[in-house]
Amino acid sequence: MVLFFTSTAVNPPATIYMGKDKFENEDLIKYAWPQDVWFHVDKLSSAHVYLRMPEGMAWEAIPEALLIDCAQLVKANSIEGNKKDNLTIIYTPADNLKKTGDMAVGQVSFHNDKRVKRVHVPKRENPIVNRLNKTKVEREVDHEQERIERIKKENAAKRAAAAAKKKADAELARAREAEKAARSYDNLFSGEDEEEPPAQSVQEMMEDFM
């Protein structure tokens, strides 16, 4: 089972989710969307909390209020961490999580430590935790089917973007060709209607050289 929470710290609201137990955490490590962001208490056992990244938001620039919501939820779901103040919460994109066969259930490391950020949590903020808990929904998730549907949508969006770019490029090329043709036409006929100066007589030409 997966637990889903809604954060109203941003508009539109963001989805936060986590596994109900360490075995569900294993599935989330495998199936979390690459762009989702994983949160965990540093150096202590805790829930694996994920932020479903809103479209257009960069993981390095998560708004502070949303970041605090995620960090408070992680702290509240750590047996040891919930009792302590001044905790450090670590977070990183889900595609930076590294899992090897010799690791214990729920244990992870990172492909790139430089992609791991930290946020300090001075103490538990009950109003935040209570607000999030009121939105909690427990749901069975078919992770493989969800992955297939996500990839289909992503591929469709990529195809649509590529088609739009191709159409825009073609229209730009046609506009440039039309402009080029117009300039050539104007240059060809620009002198056609100009009045030629009258021819000088022999007497006038002789006078010019006197």
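As a reminder, the structure under discussion sits directly above these lines.
Here the structure is a predicted model, which is why all the values come from computation and not from measurement.

1. A word on helix 2 (residues 64–76)
Thinking step 1. Look at helix 2: 18 Å from first C-alpha to last across 13 residues, which is about the 18 Å you get at 1.5 Å a residue.
Thinking step 2. Of all the 13 residues making up helix 2, 10 are buried; the element is thus mostly covered by neighbouring parts of the structure.
Thinking step 3. Residues L66, L67, D69, C70, A71, Q72, L73, V74, K75 and A76 constitute the buried set of helix 2.

2. Topic: the nonpolar core
Thinking step 1. Counting residues in hydrophobic clusters, the biggest one holds 29 residues, and the most contacted among them are V37, F39, V49, L51, I62, I89 and Y91.
Thinking step 2. Of all elements in the fold, only strand 1 (2–7), strand 2 (14–19), strand 3 (37–41), strand 4 (49–52), helix 2, strand 5 (87–93), strand 8 (117–121) and helix 3 (126–133) reach the threshold of two or more residues within this core.
Thinking step 3. At six residues, the largest contribution of residues to this core is made by helix 2.
Thinking step 4. Among all residues touching V49, those that are not within four sequence positions of it are I16, Y17, M18, V37, W38, F39, L73 and V74.
Thinking step 5. Of all hydrophobic cores here, the second largest spans 14 residues; its members include L28, I29, A94 and V141.

3. Notes on the packing of aromatic side chains
Thinking step 1. Summed over the entire model, instances satisfying the criterion amount to five aromatic pairs.
Thinking step 2. Each ring, one from W59 and one from Y91, has its centre 6.1 Å from the other, and the planes form 85 degrees; the classification is edge-to-face. With W59 in the loop between strand 4 and helix 2 and Y91 in strand 5, the pair connects residues that are 32 residues apart, well separated along the chain. A single burial state applies to W59 and to Y91, both of which are buried.
Thinking step 3. Members of the aromatic cluster, joined through ring pairs, are F4, Y17 and Y50.
Thinking step 4. One Lys or Arg, R52, reaches over the ring of W33 and ends 3.6 Å from the middle of that ring.
Thinking step 5. The side chain of R139 reaches across the aromatic face of F4, ending 4.0 Å from its centre.

4. Topic: the pattern of salt bridges
Thinking step 1. Counted under the stated rule, the structure contains nine salt bridges.
Thinking step 2. The shortest N-O distance in the salt bridge between K99 and E26 comes to 2.9 Å. With K99 in the loop between strand 6 (97–98) and strand 7 (109–110) and E26 in helix 1 (residues 22–31), this pair connects stretches of sequence that are 73 residues apart.
Thinking step 3. Looking at K99, the relative accessible area reads 32%, which means it is partly exposed.
Thinking step 4. Taking the relative accessible area as the measure of exposure, E26 reaches 24% and is therefore partly exposed.
Thinking step 5. For D42, the salt bridge identified is with K43, shortest N-O distance 3.3 Å.
Thinking step 6. The exposed category is assigned to K43, whose relative accessible area is 74%.

Conventions adopted
- Residues numbered from 1 in each chain as written.
- Predicted model: local features only at pLDDT ≥ 70, side-chain atom pairs only at ≥ 80, totals over all residues.
- Heavy atoms only, no water.
- Helix = DSSP H or I, 4+ residues; strand = E, 2+ residues; numbered from the N terminus.
- Expected span 1.5 Å × (residues − 1).
- Buried < 20%, exposed > 50% of the residue type's maximum accessible area, 1.4 Å probe, protein only.
- Core = buried A, V, L, I, M, F, W, Y, C linked by side-chain atoms within 4.5 Å.
- Contact = heavy atoms within 4.5 Å.
- Phe/Tyr/Trp six-rings, centres within 6.5 Å; stacked < 30°, edge-to-face > 60°.
- Lys NZ or Arg CZ within 6 Å of the ring centre and 35° of its normal.
- Salt bridge = Lys/Arg side-chain N within 4 Å of Asp/Glu carboxyl O.

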